[in-house]
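Working through the structure, step by step
Next come the chains, spelled out residue by residue.
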Amino acid sequence: MYRYDAIDREIVADRAAEFRGQVERRLGGDLTEDQFKPLRLMNGLYLQLHAYMLRIAIPYGSVNAAQMRRFADIARQYDKGYGHFTTRQNLQFHWIKLADTPDILDRLAEVDLHAIQTSGNCIRNVTSDPFAGATAEEVDDPRVWSEVIRQWSTLHPEFSYLPRKFKFAVTASAKDRTAAKVHDIGLALRRSRDGTLGFEVMVGGGQGRTPYLASTIREHLPVGHLLSYIQAILRVYNRHGRRDNIYKARIKILVASLGAEEFARQVEEEWAKIDAPTNDLPDTELARIRAAFTPLAFETLAPHAGAYELAKASDPALARFARNNVKAHKVAGYGIVEVSLKTIGATPGDITAEQMDVVADLAERYGLDDIRVTHEQNLVLPHVKLDDIPAVHAQLAATGLASANINLASDIIACPGLDYCALANARAIPIAQHIAERFSDADHAEKVGELKIKISGCINACGHHHVGHIGILGVDKKGEEFYQLSLGGSGAEDASLAQILGPALPANRVAEAVDQLVEAYLRERQGEERFLDTFRRLGMAPFKEAVYAPAL
Amino acid sequence: MHPLFKLAGDEVIVADDTFIDVADEDAIPEGDVIVSLTRFQTEGEGLLAGGRKIGVRIQADEAVEDLAYDLPRLSLVAPVFPKYRDGRAYTTATLLRERLGFTGEVRAVGDVLREQAGFMVRCGFDAFQPADGATPAEWRAAIHRHRHVYQRAADARPPAFTERRA
Ligand code: SF4
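Residues numbered from 1 in each chain as written. Chains lettered and ligands numbered in written order. Predicted model: local features only at pLDDT ≥ 70, side-chain atom pairs only at ≥ 80, totals over all residues. Heavy atoms only, no water.

1. Topic: helix α12 (residues 316-325) of chain A
Residues and elements named next belong to chain A. Here is the rule we go by: The rule is simple: take the accessible area with a 1.4 Å probe, protein chains only, and divide by the maximum for that residue type; under 20% is buried, over 50% is exposed, in between is partly exposed. The numbering of helices and of strands both runs from the N terminus, where a helix is a DSSP run of H or I of at least 4 residues and a strand a run of E of at least 2. Note on contacts: a residue pair is in contact if any heavy atoms of the two residues lie within 4.5 Å. Two N or O atoms form a polar contact when they lie within 3.5 Å of each other; inside protein one atom must be a possible hydrogen donor and the other a possible acceptor, and for residues adjacent in sequence the pair counts only when both atoms belong to side chains.
Taken across its 10 residues, α12 has seven buried, putting it largely inside the fold. L318, A319, R320, F321, A322, N324 and N325 are the residues of α12 that are buried. As for α12, its buried residues are in contact with α11 (306-314), β11 (326-328), β12 (334-339), α14 (389-398) and α16 (442-448). For α12, the side-chain oxygen to backbone nitrogen distance between the N-cap and A317 is 3.0 Å, and the N-cap itself is D315.

The structure is reproduced here in structure tokens:
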């Protein structure tokens, strides 16, 4: 991972000291809650239904063992012994006391972590590929560019009071694990035919109450011009994005109202006026950042891992884990191990302090000290020797983290919903739990195959329901919790927005309806089709009938 | 009336405001004045002919480029923060300094709070009318709170990547 130097550390320390001063002014009565609110919101501190929530940035989802252990310590000392990984690759603690936050930030700063720009109308944590540096698919390491953007956007003087929050995603593989097309800016690294590295620049994607897929405004931006070009985009947005209506303030609305072509023209016009040589990052600094990522000492191994193959043959649980949670690594003899935080019956994304410690130990012992957080609220040990996977699996199983359900129906994204969130219409967590229980038969779940179910407790769509193969949205019907189902969304490289299935269902019908949808799919599917493929081939009719016809 | 602070090197000093800020419906008094962009566009020639110093208020939704040809004749431009959360004035100030080469006073007016002082200075503001009762010492502390900056802006501060090469 990127190693901080003294300057990076001092920037984080200064910000923590600044926040300490602001909290002291609040506690001493110099600031009213109204005056304090924007200050705490610049630092990831929200007031929720029951307590303060602190959101900690995990830049592009990358942490090491020491940082994970520090999360565990904070969970034990200042929270109720657990934390929650979000769809933004961040970590949230939901039971925080205001007076403790300065100390928490100091303790985070000791391990190069912070809560800078995890809320507010500024540039947020950059999303990147959790398999970065481990997958053979990528044309370059997207973390390098994510770190470039992190530094440039940190306390940016011109772009810290934008019309609305602003999210980047950077991906470098054909397979998109970042949901780039539903970000404000999605950057896809590609190599052109002549071999030069460039970004496809996609702008104006987003979820919330008006979902849009991002439009490509430049096919191939030479990588060296990244900063001047995004400066141009942000400047056009800062000047012209709507500020009169919070629901129309995201860049997606500006792009949609101008049209992608006109928006692109304005960006190009602005870019032409920016002095690129002074605004683009010098190559020397780019090289420094690249070198600041810890080089990994991979061993030269045989591609065929004998011990691993033997263990799989004798242990069906391990074999299932290998099928669903282990992905191909670029180095022979290594695998990418996904750790599911979707144990059936648990809260999606939640993890106890003890589990954090176990993951940290495993990363240190078997995983080259590298851990990733995915936007699907799981963890990844990106570099594990195949022959070590049986041991890793056993230790994960002992702490309740060995669910072999990655990308299966019980690997559900759910926002905190009405259990925590002041904006919610309905609960999301219990719905996720009920659905997951229906897929507790692992053979059945595997037979159903890849199925992405995503649940949001309100129209703000933090649970990404617009891009779920099955999306579920909590709505309020005369004070009762109802759920609107939609089908056919995808946040991956084949991105699409889900379409509404039919009238909203009461809470006790949702899990059953998912079952009915899955049964319809199993009846109709051809060959290797996923649920999404069958839906795309057949359209809504058979699914609608499966859910609503029995009631007629 | 809010006090007027000015940057003087690394220091923040309280300055006498020699300008009168004139609302559109009020008559132009004697002396140096700050007027709106629309008023400047209709009455500017006459005002300048009077031999006084002129400043122009720029609202957040107005394009500072409209002033480009008049800037050499202006003493001051005052981008307005209608709310502290409205960040358009940061771009206005940046363009004044970086693109339009304005060397006169760039004064922050409106909902101007010390929490934003550091960003304002980096975008090229050198005068401020704080609306939050901040003292010059508090204003100075806010400006100097961060030892480093990561990115280039309209000020002369070296970003981290040049510090690192030093
Ligand atoms: S989708 Fe709504 S309920 Fe869920 S976390 Fe976001 S704001 Fe809260």
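2. Some words on the nonpolar core
All names here are of chain A. Note the cut-off: For the purposes of this section, nonpolar cores are sets of buried Ala, Val, Leu, Ile, Met, Phe, Trp, Tyr and Cys residues that join through side-chain atoms within 4.5 Å. Residue ranges assigned to each domain were obtained from an automatic or database domain assignment.
Membership of the largest hydrophobic core comes to 60 residues, with the highest contact counts inside it found for M68, F71, F85, L379, L381 and I389. Each of domain 1 (6-109) and domain 3 (306-398) contributes no fewer than three residues to this core. Setting aside residues no more than four positions away along its own chain, F71 makes contact with I56, I58, V63, L91, F93, L108, L113 and M356.

3. Re the domain arrangement of chain A
Residues and elements named next belong to chain A. Heads up, the rule is: When two parts are put together, the accessible area they lose, computed with a 1.4 Å probe and summed over both, is reported as buried area. For this analysis, a salt bridge means a side-chain nitrogen from Lys or Arg found within 4 Å of a carboxyl oxygen belonging to Asp or Glu.
Taken domain by domain, chain A holds domain 1 (6-109), domain 2 (134-291), domain 3 (306-398) and domain 4 (413-551). Here the C-alpha centre of domain 4 lies 33 Å away from the C-alpha centre of domain 1. Tallying the contact residues gives nine residues for domain 1 and nine residues for domain 4. Around 720 Å² of area is buried between domain 1 and domain 4 when both sides are counted, 62% of it from carbon and sulfur atoms. Summed over the shared surface of domain 1 and domain 4, the number is zero salt bridges.

4. Some words on the interface of chain B and chain A
Listed by partner, the interface residues are 33 residues for chain B and 40 residues for chain A. Summed over both sides, the interface of chain B with chain A buries roughly 3,400 Å², with 53% coming from carbon and sulfur. By the criterion of area lost to chain A, the three top residues of chain B are F119, Y150 and R164 of chain B, representing 22% of everything that side buries. Summed over the shared surface of chain B and chain A, the result is 10 salt bridges. The salt bridge partner of R145 of chain B is E18 of chain A, with a shortest N-O separation of 2.7 Å. Linking chain B with chain A are 22 residue pairs in polar contact (both at pLDDT 80 or more).

5. Some details on the sheet that holds strand β15 (residues 379-385) of chain A
Residue and element names in this part refer to chain A. To be explicit about the condition: Pairing between strands is defined by DSSP: at least two bridges between the two strands are required. With axes taken as lines fitted to C-alpha atoms, and helix axes fitted only over the stretch in contact, angles between N-to-C directions fall between 0 and 180 degrees.
Spatial ordering of the open sheet is given by β3-β14-β15-β12-β11, a layout of five strands whose pairing is antiparallel. Here the strands that pair on one side only, and so sit at the sheet edges, are β3 (62-63) and β11. With two bridges joining them, strand β14 (residues 371-373) and β15 adopt antiparallel strand pairing. Each residue of the ladder has a partner; that of R372, found in β15, is V380. Docked against the sheet, helix α13 (residues 353-366) engages β14 and β15, running at close to 25 degrees with respect to β15.

6. Some remarks on the pairing of strand β7 (residues 168-171) of chain A
Residues and elements named next belong to chain A. Spelled out, the test is: Every crossover in which the path from the first strand over the helix to the second runs clockwise, viewed with the strands pointing away from the viewer, is termed right-handed.
Side chains F168 and V170 of β7 all project onto a buried face; the interleaved residues A169 and T171 project onto the opposite face, where all are buried too. A crossover connection joins strand β6 (residues 127-128) to the parallel β7 through helix α5 (residues 142-153); in handedness this β-α-β unit is left-handed. Judged from the four bridges that link them, β7 and strand β8 (residues 185-191) form a sheet pairing that is parallel. Its bridge partner lying in β8, A169 is registered against G186.

7. Considerations on the site of the ligand
Selection rule: Here a residue is considered near a molecule or strand provided that any single heavy atom belonging to it is located within 4 Å of it. Polar here means any residue other than Ala, Val, Leu, Ile, Met, Phe, Trp, Tyr, Cys and Pro, which are nonpolar, and Asp, Glu, Lys and Arg, which are charged; Gly is therefore polar.
The full set of residues close to the ligand is C415, P416, G417, C421, L423, A424, G457, C458, N460, A461 and C462 of chain A. A per-class count over the shell around the ligand returns eight nonpolar, three polar and no charged.

8. Here's the deal with the pairing of β12 of chain A
Residue and element names in this part refer to chain A. Counting buried positions along β12 gives six out of six residues, so the element sits mostly inside the fold. The alternating pattern of β12 places Y334, I336 and E338 on one face and G335, V337 and V339 on the opposite face, and all of these are buried. Taken together, the three bridges between β11 and β12 define a ladder with antiparallel strand orientation. Following the sheet pairing, V326 is matched in β12 by V337. Where β12 lies against β15, five bridges are found, and the strand directions are antiparallel. Looking across to β15, one finds that Y334 is bridged to K385.

9. Side note on the environment of I116 of chain A
Residue and element names in this part refer to chain A. With respect to the helices and strands, I116 occurs in the loop between α4 (101-109) and β6. A residue is classified by how much of its surface remains accessible, and I116, at 8% relative accessible area, is buried. Taking the C-alpha atoms as reference points, I116 and T154, 38 residues apart in sequence, are found 7.6 Å from one another. Beyond its immediate sequence surroundings of up to four residues, I116 is in contact with R15, N43, A57, T154 and L155.

10. Quick notes on the sheet that holds strand β4 (residues 82-85) of chain A
Residue and element names in this part refer to chain A. Spatially, the five strands line up as an open sheet ordered β1-β2-β5-β4-β13, and their pairing is antiparallel. Unpaired on one side and paired on the other, β1 (45-47) and β13 (350-352) mark the two borders of the sheet. Going across the sheet, the axis of each strand differs from the next one's by a mean of 30 degrees, ignoring polarity. Contacting β1 and β2 (52-56), helix α2 (residues 33-41) crosses the sheet at an angle of about 135 degrees to β1. Set on the sheet, α13 makes contact with β4 and β13; between it and β13 the angle comes to about 85 degrees.

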